Amino acid sequence: GVGKTTTIGKLANYYVSQGKSVTLAAADTFRAAAADQLEIWAKRAGADIVRHGEGADPAAVVFDSISAAKARGSDVIIVDTAGRLHVDTDMMEEAQAIKDATHPDQILMVVDAMTGQDVVNVVEAFAESVDFDGVIMSKMDGDARGGGALSIREVTGKPIKFISSGEKPDSLEVFHPDRMAKRILGMGDVVSLIENAVRVQQAEEEELEAERMMRGQLTLDDFLMMNKQVRKMG
């Protein structure tokens, strides 16, 4: 319920937008329709997906995903593992089995920013049982300011790597500690706001440019802009 599968879809979109090919492994065979949800996100992001039937062995799904990803020449494999409402033995054993079978480069834990300081207990238990490399804070668009992020870092020493806010595929951002500090203190995150505004403006300009190109109404300004974009690409 913390938005784990949604966050994985956003993470896939993040890597695809950087020009990487991504394969998703639907290893959450515990929750009904988890693979269906992941498949929808894979299509949105332009990523491949490997899935088995409900109740399948998660480690087998991951093993097949790695084989498929190598055959397809994928750059990144992201594994969606099962979550629970509470940390329990079965979940930890399952996560450990996947870890032992695949030796992942990174293990990321998704935590809900809305849970506040309670999240520390869950993260601590997960760190002791499986160990992980970093955290993604989801639902940062809610009322919570993300104060739990500071506690996670203090208690486990694990870095916050990404924050997720909103439902759109591109609403995953790299975590910036200084911006989070301003948000917690109620000063607002102006830099992220500006970055989002620039992204929207660029998208609108590209749309207008494409429209003018279709109509054959390109101007010298458009020609200049195209030259600048080509030079940026090197």
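The rules behind these values
- Residues numbered from 1 in each chain as written.
- Predicted model: local features only at pLDDT ≥ 70, side-chain atom pairs only at ≥ 80, totals over all residues.
- Heavy atoms only, no water.
- Helix = DSSP H or I, 4+ residues; strand = E, 2+ residues; numbered from the N terminus.
- Polar contact = N/O pair within 3.5 Å; in protein donor to acceptor, adjacent residues only side chain to side chain.
- Contact = heavy atoms within 4.5 Å.
- Phe/Tyr/Trp six-rings, centres within 6.5 Å; stacked < 30°, edge-to-face > 60°.
- Pairing = 2+ DSSP bridges.
- Axes fitted to C-alpha atoms, helices over the stretch in contact; angles between N-to-C directions.
- Buried < 20%, exposed > 50% of the residue type's maximum accessible area, 1.4 Å probe, protein only.
- Core = buried A, V, L, I, M, F, W, Y, C linked by side-chain atoms within 4.5 Å.
- Salt bridge = Lys/Arg side-chain N within 4 Å of Asp/Glu carboxyl O.

Visitor: So what's going on with the side chain of Ser 65? Residues and values would help.
Guide: Position of Ser 65 relative to the elements: it lies in helix α3 (residues 58-72). Engagement of the side chain of Ser 65 in a polar contact is seen with the backbone oxygen of Val 61, the distance being 2.7 Å. When sequence neighbours within four positions are dropped, the list of residues in contact with Ser 65 reads Thr 23, Ala 25, Val 50 and Ile 77.

Visitor: Pulling in residues and values, what's your account of the packing of aromatic side chains?
Guide: Overall, the coordinates contain three aromatic pairs when judged by the stated rule. Here Tyr 14 and Phe 162 contribute two aromatic rings whose centre-to-centre distance is 5.2 Å and whose plane-to-plane angle is 75 degrees, an arrangement assigned as edge-to-face. Highlighted residues: Tyr 14 in helix α1 (residues 4-16) and Phe 162 in strand β6 (residues 160-164), separated in sequence by 148 residues. Between Phe 126 and Phe 132, the aromatic rings sit 5.7 Å apart at their centres with planes inclined by 50 degrees, giving tilted as the arrangement.

Visitor: Explain the sheet that holds strand β7 (residues 172-174) to me, using residue names and the numbers behind them.
Guide: With mixed pairing, the four strands of this open sheet are ordered in space as β4-β5-β6-β7. Either end of the sheet is taken by a strand with one partner, and the two such strands are β4 (108-112) and β7. Across the sheet, the axes of successive neighbouring strands diverge by a mean angle of 25 degrees, strand direction being ignored. Together, β4, β5 (134-138), β6 and β7 form the strand contacts of α1, whose direction differs from that of β7 by roughly 65 degrees.

Visitor: So what's going on with the side chain of Thr 7? Residues and values would help.
Guide: By the secondary structure assignment, Thr 7 is in helix α1. Residue Thr 7 is classed as buried on the basis of its relative accessible area, which comes to 2%. In terms of polar contacts, Thr 7 uses its side chain to reach the backbone carbonyl oxygen of Gly 3, at 2.6 Å. With residues up to four places along the chain from it excluded, the contact list for Thr 7 reads Val 110, Ile 136, Ser 138, Ser 164 and Leu 172.

Visitor: Could you give an account of the environment of Met 109, with specific residues and numbers?
Guide: Mapping Met 109 onto the fold places it in strand β4. Judged by its relative accessible area of 9%, Met 109 falls in the buried class. Along the primary structure Met 109 and Ala 127 are separated by 18 residues, whereas in three dimensions their C-alpha atoms are 9.5 Å apart.

Visitor: Report on the nonpolar core, specifying residues and quantitative values.
Guide: The biggest cluster of nonpolar side chains holds 20 residues, and the ones touching the most others in it are Val 111, Met 137 and Ile 152. Looking at this core, the elements with two or more residues in it are α4 (89-102), β4, α5 (119-129), β5 and β6. Excluding its chain neighbours within four sequence positions, the residues that come into contact with Val 111 are Val 2, Val 119, Val 123, Val 135, Ile 136, Met 137, Ser 138 and Ile 152. Of all hydrophobic cores here, the second largest spans 18 residues; its members include Ile 8, Ala 42, Ile 49 and Leu 172.

Visitor: Kindly report on the pattern of salt bridges, identifying the contributing residues and their values.
Guide: Under the definition given, this model contains six salt bridges. Between Asp 80 and Lys 4 there is a salt bridge, with the nearest N and O atoms lying 2.9 Å from each other. In this pair, Asp 80 is assigned in strand β3 (residues 76-80) and Lys 4 in helix α1, connecting sequence segments 76 residues apart. Accessibility classification places Asp 80 together with Lys 4 in one group, the buried group. When the shortest N-O distance is used, the salt bridge between Asp 36 and Arg 51 registers 2.9 Å. With Asp 36 in helix α2 (residues 34-45) and Arg 51 in the loop between β2 (48-50) and α3, the pair connects residues that are 15 residues apart, well separated along the chain. Residue Asp 36 is classed as partly exposed on the basis of its relative accessible area of 40%. With relative accessibility at 34%, the residue Arg 51 sits in the partly exposed group. Where salt bridges share partners, they join Lys 4, Asp 28, Arg 31 and Asp 80 into one cluster.

Visitor: Give a detailed account of the sheet that holds β2, specifying residues and quantitative values.
Guide: Read from one edge of the open sheet, three strands run β2-β1-β3, paired in parallel fashion. Each edge of the sheet is formed by a strand with only one pairing partner; in this case those strands are β2 and β3. With strand direction ignored, the average angle separating the axes of adjacent strands in the sheet is 25 degrees. Across five bridges, strand β1 (residues 22-26) lies against β3 in parallel orientation. Counted as the bridge partner of Val 22 is Val 76 from β3. The strands touched by α1 within the sheet are β1 and β3, with β3 carrying the most contacts at an inclination of about 175 degrees. Packing against the sheet, α3 makes contact with β1, β2 and β3, and its axis sits at approximately 145 degrees to β2.

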